[in-house]
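What follows is the residue order along each chain.
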Amino acid sequence: KYRESLDDTLDTIMSFMTERFRNILTSEGYAQDVVEAVVSVEFDDILDAKRKIEALSEFRKATDFETLGIAFKRVVNIVKDHTGNVIDDHLIESAEKELHSSFNNVRGKVEANILEKNYADSLLHMKELKEPVDTFFDNVMVMDEDPKIRENRLSMLAEIKNLFFKIADFSKLSV
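Note that the structure is a prediction, hence the values are computed from the model and not measured.

*Asks:* Explain the overall build of the chain to me, and be specific about the residues and the numbers.
*Replies:* Secondary structure summary: the chain contains eight helices and zero strands in total. The order of α-helices and β-strands along the chain, N terminus first, is α-α-α-α-α-α-α-α. Counting only C-alpha atoms, the chain reaches 50 × 45 × 30 Å along its principal axes. For the chain, the proportion of its 175 residues judged to be buried stands at 39%. Look at the contacts in the chain between residues 6 or more apart in sequence, and 73% of them connect residues 24 or more apart.

Below, the structure is given as structure tokens:
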């Protein structure tokens, strides 16, 4: 009983802190959807969350952000709660090889920059996935009739989504 009460109290405090943080940053001029996109993914380090919000706010000013945001949102929306499994390289067909290869190339750069808390560069590297994601969606039927191929494609997209979510939930951004 005591543990439940303590957990409830901690949840209440975290909810208050999160809401207060949202209000402070939006009053400072940060877009509400940018703040929400970052805070909804992770909020255990206030300074780190602010760094992500600053980087995403700057990144959003790019002229091609709208098309990039749409590509990221497509990935997030199609996999929704799909956690993904190990990707079977033998099931990757030619139309999806470009995305798989690009993702493997970009992931290391993004993760290295995230470790250094360099979110601006992480976002710039994520941008490299835009064309391969668009090409993938133009040429590949994700929901293939073969359940193994479908699962493999969803798992690949889930890995991409998980990489995005290290900074923000792009589906919460208005583009």
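*Asks:* Describe the packing of helix α5 (residues 94–115) against helix α8 (residues 147–164), with residues and values.
*Replies:* At their nearest, the axes of α5 and α8 sit 11 Å apart, and the two run at 25° to each other. With respect to each other, α5 and α8 are oriented roughly parallel. When you trace α5 past α8, the crossing you get is left-handed. Between α5, through E96, L99, H100, F103, R107, V110 and E111, and α8, the contact on the second element is made entirely by R153, M156, L157, E159, I160 and L163.

*Asks:* Tell me what's going on with the environment of F72, and back it up with residues and numbers.
*Replies:* For F72, the position within the fold is in helix α4 (residues 65–79). Among the residues examined, F72 registers a relative accessible area of 0% and is labelled buried. Between the alpha carbons of F72 and S171 there is a distance of 7.4 Å; along the sequence they are 99 residues apart. Apart from the residues lying within four places of it in its own chain, the contact partners of F72 are M126, K127, F164 and F170.

*Asks:* Just give me the short version of the confidence of the model for the chain, but keep the residues and values in it.
*Replies:* Summarising the model, the chain shows a mean pLDDT of 90, and 98% of its residues fall at 70 or more. The weakest mean pLDDT in the chain belongs to α4 at 85; the strongest belongs to helix α2 (residues 32–39) at 96.

*Asks:* I'd like a rundown of the nonpolar core, residues and numbers included.
*Replies:* By size, the foremost hydrophobic cluster in this structure holds 47 residues, and its most contacted members are L56, M126, L157, F164 and F170. Counting residues per element, the ones that place at least two in this core are α1 (2–27), α2, α3 (46–59), α4, α5, α6 (119–127), α7 (130–139) and α8. Not counting residues within four places of it along the chain, the set of residues in contact with M126 comprises F72, V106, V110, L163, F164, I167 and F170.

*Asks:* Go over the pattern of salt bridges with me, naming the residues and quoting the values.
*Replies:* With the rule as written, the count across this model stands at 19 salt bridges. For the salt bridge of E36 with R22, the shortest nitrogen-to-oxygen distance reads 2.6 Å. Here E36 is found in helix α2, whereas its partner R22 is found in helix α1, with 14 residues between them in sequence. The salt bridge partner of D64 is K127, with a shortest N-O separation of 3.2 Å.

*Asks:* A description of α5 should follow, citing residues and the corresponding values.
*Replies:* Helix length check: α5 (22 residues) gives 33 Å between terminal C-alpha atoms against 32 Å at 1.5 Å per residue, within 8%. Roughly 25° is the biggest bend found in α5, and it falls at V106. For α5, the full list of buried residues reads E96, L99, H100, S102, F103, V106, V110, N113 and I114. Residues of α5 that are buried make contact with α6, α7 and α8. Positive phi shows up at K117, right after α5, with a value of about 60°.

*Asks:* So, the packing of aromatic side chains: which residues are in play, and what are the values?
*Replies:* Counted under the stated rule, the structure contains six aromatic pairs. Ring plane angle 75° and centroid distance 4.8 Å describe the contact between F72 and F170, whose orientation is recorded as edge-to-face. Here F72, found in helix α4, pairs with F170, found in the segment after α8; they are 98 residues apart in sequence, far enough to count as distant. For the pair F72 and F170, a shared accessibility class is recorded, and that class is buried. On the basis of an interplanar angle of 65° and a centroid distance of 5.5 Å, the ring pair of F164 and F170 is categorised as edge-to-face. Each of the two residues, F164 as well as F170, counts as buried. Cluster of aromatic residues (ring-pair linked, three or more members): F72, F164 and F170. Sitting above the plane of the F165 ring, K161 keeps its charged end 5.1 Å from the centroid.

Quick notes on the rules
- Residues numbered from 1 in each chain as written.
- Predicted model: local features only at pLDDT ≥ 70, side-chain atom pairs only at ≥ 80, totals over all residues.
- Heavy atoms only, no water.
- Helix = DSSP H or I, 4+ residues; strand = E, 2+ residues; numbered from the N terminus.
- Buried < 20%, exposed > 50% of the residue type's maximum accessible area, 1.4 Å probe, protein only.
- Contact = heavy atoms within 4.5 Å.
- Axes fitted to C-alpha atoms, helices over the stretch in contact; angles between N-to-C directions.
- Parallel < 35°, antiparallel > 145°, perpendicular 65-115°, else oblique.
- Left-handed = near helix turned anticlockwise from the far one by under 90°.
- pLDDT = per-residue confidence, 0-100.
- Core = buried A, V, L, I, M, F, W, Y, C linked by side-chain atoms within 4.5 Å.
- Salt bridge = Lys/Arg side-chain N within 4 Å of Asp/Glu carboxyl O.
- Expected span 1.5 Å × (residues − 1).
- Bend = angle between axes of the 7 residues up to and from the residue.
- Phe/Tyr/Trp six-rings, centres within 6.5 Å; stacked < 30°, edge-to-face > 60°.
- Lys NZ or Arg CZ within 6 Å of the ring centre and 35° of its normal.

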